[in-house]
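# Architecture at a glance
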Amino acid sequence: MQEMILILDFGSQYTQLIARRIRELNVYCEIHPYDKIPTLDDSIKGVILSGSPHSVRDHDAPVPDLSGIGERYPMLGVCYGAQYIALKHGGEVEPSVSREYGRANLSYIMDNDELLTGMTRGCQVWMSHGDTIEKLPAGFEVITSTADVHVAGFKVGNKPVYGIQFHPEVYHSTEGMVLLHNYVVNICGCQQTWTPSSFIETTIGELRERIGGERVVLGLSGGVDSSVSALLLHKAIHKNLHCIFVDNGLLRKFEFETVLDSYKHLGLNVRGVDAKDRFYDALKGISDPEDKRKAIGRTFIEVFDEAAHEIRDVTWLAQGTIYPDVIESVSVKGPSATIKSHHNVGGLPDLMNLKIIEPLHSLFKDEVRKIGRELGMPPNILTRHPFPGPGLGIRILGEVTPEKVRILQEVDHLFIERLKEHNLYDEVWQALAVLLPVQSVGVMGDERTYENVVALRAVGSTDGMTADWSRLPQEFLAGISNEIINKIPGVNRVVYDISSKPPSTIEWE
Ligand code: XMP
């Protein structure tokens with residue numbers, strides 16, 4: 001039985017980070033909303049209560065039903081979770097004198113406390129709370145303090161129940177991993193056996209069992225998630241996996257050919273479908289970004305559907321859905337749960353009444369990469385920047401035409417190639433070029449020109465939710481601008497986007 005840590009989510013922005021850190025310790029864990037506690041069984045080795053944007057003093061504060069949990073499993077409350085445990089047992093939680101946000105240092109650490117073993121007095125921790133535990137219930141003990149917060153951590157008598165006011169999962173808590181290791185390994189007794197190779201082995205076994213001798217169809221996009229899903233399925237069911245890779249005419253230059261080639265080298269049973277003209281036809285006369293997305297999505301479904309129908313007796317549809325797409329996030333406004341929609345796969349599930357299989361549904365992106373590496377996925381697929389489903393269609397502002405696609409492919413190709421040559425490609429999270437619907441005056445030789453403007457954009461990010469523009473070296477920018485204007489007919493001006501997200505977005509449409 002796969003051992004796991006159960007994380008009950010009260011809506012904190014850091015909940016996913018707790019899960020990622022625990023998995024870095026090779027321990028499997030799952031996030032569940034505090035009001036949808038899964039069946040409690042022996043696979044659960046410990047429970048973590050997350051932070052929350054709520055105050056425990058709010059009249060509508062989230063209240064979990066911990067019956068059957070507190071007595072059975074070791075428990076760790078983080079921030080809101082800690083305050084909740086203290087308040088529930090008769091402690092006092094009051095608004096902080098000033099909201100405590102940012103770095104603090106642990107000025108006191110109790111000797112020989114199992115949770116804090118190996119942490120250094122004075123180490124930095126990350127605080128983010130508007131309430132403070134002023135008084136602990138009888139039988140609770142302070143195990144650590146900062147200069148401003150007496151109860152920075154507590155334990156409940158001799159029980160393995162702890163609360164901490166700071167966030168060990170945040171990078172700025174420099175010894176946070178020591179604490180989490182103490183909790184999951186020493187206190188909960190987890191074996192740390194959840195590794196990429198153990199995941200691969202278990203998943204292949206499960207896939208074989210579920211699918212049996214039936215056939216699966218999967219749409220490859222050239223991206224990491226669909227490619228790793230395909231490799232896992234390929235290892236499990238070999239030729240019964242049928243992959244379809246659609247050329248929508250909005251891919252990068254040479255992308256269709258090189259990616260198809262890589263897939264074939266990996267032994268995948270893949271069919272490339274050239275549907276460029278159908279997509280260009282569907283996009284004629286459309287300039288609104290959402291209408292373009294819809295037209296591209298609709299055409300993709302038609303093309304995929306037709307190609308899938310040519311495979312006899314197919315009963316499964318595989319998708320590259322990953323964990324952040326399926327976690328139910330507790331909304332700040334209350335316990336109503338919302339599920340993020342996965343913008344790559346909209347519409348496909350209803351198709352052809354296929355059963356859905358999602359081999360990566362429990363993994364974070366960095367874990368998908370690790371699995372891919374272990375499976376022998378080539379770096380050109382594994383480390384590539386994210387690329388949106390609608391492709392260059394949302395990077396050509398206004399109406400999309402084959403000619404505009406050709407210009408943008410050339411610009412994009414030069415930009416990406418030069419980033420790689422200057423060892424900058426892996427430094428940025430995503431880089432792209434946008435063709436603006438703007439002509440500007442230029443001069444080339446003795447001639448006046450009146451041609452297109454392109455914008456280059458490169459950003460740093462961890463998950464695409466927020467992003468900062470990359471400070472690419474000026475020399476690099478000067479060189480690429482010159483080269484684009486000199487080599488690519490139709491472009492006479494290059495600008496560099498220096499906006500961050502928020503308030504801007506990464507893509508322009
Ligand atoms: P934004 O522009 O919202 O982008 O800051 C965040 C990330 O999502 C990608 N993106 C998309 N991916 N279909 C996709 O598959 C889309 O319609 C889409 N729009 C944006 C974007 O490239 C970035 O990585």
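Throughout, residues of each chain are indexed from 1 in the direction in which the sequence is written. Totals for whole chains, interfaces and linings use all residues, but because this is a predicted model, local features are given only for residues with pLDDT of at least 70 and pairs of side-chain atoms are given and counted only at 80 or more. Computation of side-chain values covers all heavy atoms of the structure but excludes hydrogens and water.

Another aspect to go through is the environment of Arg298. Under the DSSP-based scheme used, a helix requires at least four consecutive residues in state H or I and a strand at least two consecutive residues in state E, with every element numbered from the N terminus. Note on placement: Arg298 falls in helix 8 (residues 289–309). Note: C-alpha distance between Arg298 and Ala282 (16 residues apart in sequence) is 9.0 Å.

For the bond running from Lys501 to Pro502, omega is -15°, close enough to zero to count as cis. By the secondary structure assignment, Pro502 is in the segment after strand 20 (491–496). Across the junction of Pro502 and Pro503, the peptide omega takes the value 5°, indicating a cis bond. Here Pro503 lies in the segment after strand 20. A positive phi angle, close to 55°, is found at Cys79, a residue other than glycine. For Cys79, the location among the structural elements is in the loop between strand 4 (75–78) and helix 2 (80–88). Remark: exposure states derive from per-residue accessible area (1.4 Å probe, protein chains only) relative to the maximum for the residue type, with buried under 20%, exposed over 50%, and partly exposed in between. For Cys79, a relative accessible area of 6% gives the class buried. For Gln192, which is not a glycine, the phi torsion comes out positive at approximately 55°. By the element assignment, Gln192 lies in the loop between helix 3 (176–187) and helix 4 (196–211). Taking the relative accessible area as the measure of exposure, Gln192 reaches 29% and is therefore partly exposed.

With that settled, consider the pattern of salt bridges. Should a side-chain nitrogen of Lys or Arg be within 4 Å of a carboxyl oxygen of Asp or Glu, the pair is scored as a salt bridge. With the rule as written, the count across this model stands at 25 salt bridges. The residue Arg293 makes a salt bridge to Glu290 at a minimum N-O spacing of 3.0 Å. With Arg293 and Glu290 both in helix 8 and three residues apart, this pair spans about one turn of that helix. Residue classification places Glu290 among the partly exposed residues on the basis of a relative accessible area of 43%. If you follow the salt bridges from partner to partner, you end up with Arg418, Glu421, Glu483 and Lys487 in one network.

Mean pLDDT over the protein chain: 93, with 95% of residues reaching 70 or higher. Counting interchain partners and residues more than four positions distant, the pLDDT-below-50 stretch residues 332–347 has 24 contacts. Per-residue confidence from the prediction method is given by pLDDT, with values spanning 0 to 100. Throughout, a residue-residue contact means that at least one pair of heavy atoms, one from each residue, lies within 4.5 Å.

Any Phe, Tyr or Trp ring, taking Trp's six-membered ring, that has another such ring centre within 6.5 Å forms a pair; planes under 30 degrees apart are called stacked, those over 60 apart edge-to-face, and the others tilted. According to the stated counting rule, one finds twelve aromatic pairs in the structure shown. The interplanar angle of 50° and the centroid separation of 5.3 Å between the aromatic rings of Tyr28 and Trp194 together place this pair among those described as tilted. Here Trp194 lies in the loop between helix 3 and helix 4 and Tyr28 lies in the loop between helix 1 (15–24) and strand 2 (29–33), a separation of 166 residues in the sequence. Given the relative accessible area of 11%, Tyr28 is considered buried. For Trp194, a relative accessible area of 8% corresponds to the buried category. With a centroid separation of 6.2 Å and an interplanar angle of 80°, the aromatic rings of Trp194 and Phe199 are classed as edge-to-face. Taking the ring centre of Phe364 as reference, the NZ or CZ of Arg20 above it sits at 6.0 Å. Our definition puts a charge over a ring when NZ of Lys or CZ of Arg is within 6 Å of the ring centre and also within 35 degrees of the ring normal. Note that Arg23 overlies the ring of Tyr323, its terminal NZ or CZ placed 5.0 Å from the centroid.

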